Each structure stands twice: as C-alpha cells, then as structure tokens.
Amino acid sequence: MDKIMNDYLEKIDSYLRPLPVSDRVDIVKEIKSEMLELEMKKELTPEQILEKLGSPKALATAYLGDSISGTKAFSLRRFAIVTAFYSLTGISGMFVLPVTTVLAAGLTLCGVLTPLAALIKLAGHAIGYDLPYVSFQFGSYTLNPIAAFPVSIVTGLLLFFAGKGCWKLTLKYIQAVSAIKGKALDKDTAE
C-alpha cells in the first residue's frame, strides 16, 4: 500500500481516538479494504482513491456519528465520542451539540436531584429539623415539605424526561450529519 494511503489511514485513526481500539481497528480495516478494492478493480491511483474518499476528517466524522447513533444509552465514553464528533462537525455543531448535550445532562441531573431534595426536606421535617437551603417556592408562596414532596416527584419526572428528549435530539442531529456526510462518501465511491 502506498505511503500517502497509509498516512490517510493514520489520520482517520487519530480522528477516531475516542472510539474503543477494536472499533477503530475495524473501521481502518474497512477503509483499507475499500482502498485496495478501488486500486485493484478500478485501477485507480492512490491520489484518485483519496480524492474519492474525501477528507479523512469528514470520513471520520461519519463513522463517529454512526457509532454515537448506534446505541441510545448515555455513558462517559459516548460523551467523549460526542465531543470528538462535535469538534469535527464544523459551525453547526458548535451551536447545536453544546446546547442539546448540556441541556440533556443538566435536566436529567435536576430530574433526579429534585425529588431527592424534597425527600431530604420531608425527612428533616419529620424529625423536627428545618433545612433552610431546601425550599419549594412559587413566587412568594412556599410549600410545606409534605405538599412539596409529590410536587417534586412530578417536577423531577418532567425534568428527567426533558433531559432524555434533549439527548434524543442530540442523537437525531448526529444521525442527520452522519447521513449527509455518508451520502457524499457513497456518491464519491460509486462514481
């Protein structure tokens, strides 16, 4: 294999660093196989092959997007992959991804903490201790701890599901960007 094609594969690998090693190896092997097929069957030069594949950054972005949208669960590794994807997507990613991912994490966390805070306030009230920093206010009206607990559960559920909705929006955006880049790559390799 030609040196410029090896350099191309190394760039792809470096852009895919947040992915697990086994996934990166599989992706690089897949691209290498595509390169060899184009070289043998279509008798293209290395320069023509790289031109058809496009920039390593765009190709890596498409693979990162596919990896992110493959599963729905949230994890720190997936957050790192989203961050890498964000850094490769360009100007649209600079606005959409930070807003939806931060909202997803923040709303989900608040959805869990709100009922927990109400439970702590209710427990303090039951033993005769007032926790001054935990209160449930609506304007100038403050709910007593007994009434605040069911309200906090409903509020927590709403916040939690709003966070899940923001995460789904993040995944849909990533799928859309990957599909656009993937279509461009398919079009180039089909020619």
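Everything numeric in this text was worked out from a predicted model, so none of it was measured.

**Observations regarding the packing of helix H1 (residues 3-15) against helix H2 (residues 21-41)**
- At a minimum axis distance of 10 Å, the contact between H1 and H2 shows a crossing angle of 155°. The orientation of H1 relative to H2 falls into the category roughly antiparallel. Along this stretch, H1 crosses H2, giving a crossing that reads as right-handed. For the pair formed by H1 and H2, the contact residues are Met5, Tyr8, Leu9, Ile12 and Asp13 on the first element and Arg24, Val28, Ile31, Lys32, Met35 and Glu39 on the second.
- A per-class count over the contact of H1 with H2 returns seven nonpolar, no polar and four charged.

**Section: the pattern of salt bridges**
- Tallying each qualifying case throughout the model produces four salt bridges.
- Between Asp13 and Arg17 there is a salt bridge whose closest N-O contact spans 3.4 Å.
- Classification of Arg17 by relative accessible area gives partly exposed; the value is 47%.
- Here Asp130 makes a salt bridge to Lys121, at a shortest N to O gap of 2.9 Å.

**Here we look at helix H3 (residues 46-53)**
- If you check which residues of H3 are buried, you get Pro46, Ile49, Leu50, Lys52 and Leu53. The buried residues of H3 occupy an angular sector of 160° when projected down its axis, which confines them to one face. Seen from the buried face of H3, the exposed residues on the opposite side, beyond 90 degrees, are Glu47 and Glu51.

**Here we look at the nonpolar core**
- Of all hydrophobic cores here, the largest spans 32 residues; its most connected members are Tyr8, Leu16, Ile31 and Met35.
- Of all elements in the fold, only H1, H2, H3, helix H4 (56-70), helix H5 (76-89), helix H6 (91-126) and helix H7 (145-190) reach the threshold of two or more residues within this core.

**A closer look at a nonpolar patch on the surface**
- Together, Leu109, Val112, Leu113, Leu116, Leu119 and Ile120 give the surface a local cluster of nonpolar side chains, amounting to about 530 Å² of exposed area.
- Turning to its location among the elements, Leu116 is positioned in helix H6.

**Focus on the confidence of the model for the protein**
- In the predicted model, the protein carries a mean pLDDT of 82, and the fraction of residues at 70 or more is 87%.
- Across the protein, the secondary-structure element scoring lowest on mean pLDDT is H5, at 70, and the one scoring highest is H1, at 89.
- pLDDT under 50 marks residues 187-191. Its contacts with residues more than four places away, or in other chains, come to eight contacts.

**Some details on H1**
- Compared with the 18 Å implied by 1.5 Å per residue over 13 residues, the 19 Å span of H1 between its first and last C-alpha is a close match.
- Where H1 is concerned, the buried positions are Met5, Tyr8, Leu9, Ile12 and Asp13. Seen end-on, H1 carries its buried residues on one side only, within an arc spanning 140°. Those residues of H1 that are exposed and angled more than 90 degrees off the buried face are Lys3 and Glu10.

Conventions we followed
- Within each chain, residue numbers correspond to sequence positions counted from 1 in written order.
- Local features are withheld for residues below a pLDDT of 70 in this predicted model, meaning they are given only at 70 or higher, and side-chain atom pairs are given and counted only at 80 or more; totals for whole chains, interfaces and linings count all residues.
- The basis for the side-chain values is all heavy atoms of the structure; hydrogens and waters are excluded.
- Axes here mean lines fitted to C-alpha atoms, for a helix over just the part in contact, with angles spanning 0 to 180 degrees between N-to-C directions.
- Numbering of helices and strands starts at the N terminus; helices are DSSP runs of H or I of at least 4 residues and strands are runs of E of at least 2.
- Every angle not falling under 35 degrees, over 145, or within 65 to 115 is termed oblique; those three ranges are roughly parallel, roughly antiparallel and roughly perpendicular.
- Should the near helix be turned anticlockwise from the far one by less than a right angle, the crossing is left-handed, and should it be turned clockwise, the crossing is right-handed.
- Any two residues having at least one pair of non-hydrogen atoms within 4.5 Å are treated as being in contact.
- The nonpolar class holds Ala, Val, Leu, Ile, Met, Phe, Trp, Tyr, Cys and Pro. Asp, Glu, Lys and Arg form the charged class, and all remaining residues, Gly among them, are polar.
- The working definition used for a salt bridge is a side-chain nitrogen of Lys or Arg within 4 Å of a carboxyl oxygen of Asp or Glu.
- Relative accessibility under 20% of the residue-type maximum defines a buried residue, over 50% an exposed one, and the middle range a partly exposed one, all with a 1.4 Å probe and only protein chains included.
- Arc definition: it is the arc formed by the directions from the helix axis to the C-beta atoms.
- We call a set of buried residues a nonpolar core when its members are Ala, Val, Leu, Ile, Met, Phe, Trp, Tyr or Cys and they connect through side-chain atoms within 4.5 Å of each other.
- Within the patch definition used here, like charges are joined within 9 Å and nonpolar side chains (Val, Leu, Ile, Met, Phe, Trp, Tyr) within 5 Å, considering only residues with over 30% relative accessible area and no salt bridge.
- Reported accessibility uses the Shrake-Rupley method at a 1.4 Å probe radius. Residues are deemed covered only where the shown protein chains occlude them.
- pLDDT expresses how confident the predictor is about each individual residue, on a scale running from 0 to 100.
- For a helix, the expected span equals 1.5 Å multiplied by the number of residues minus one.

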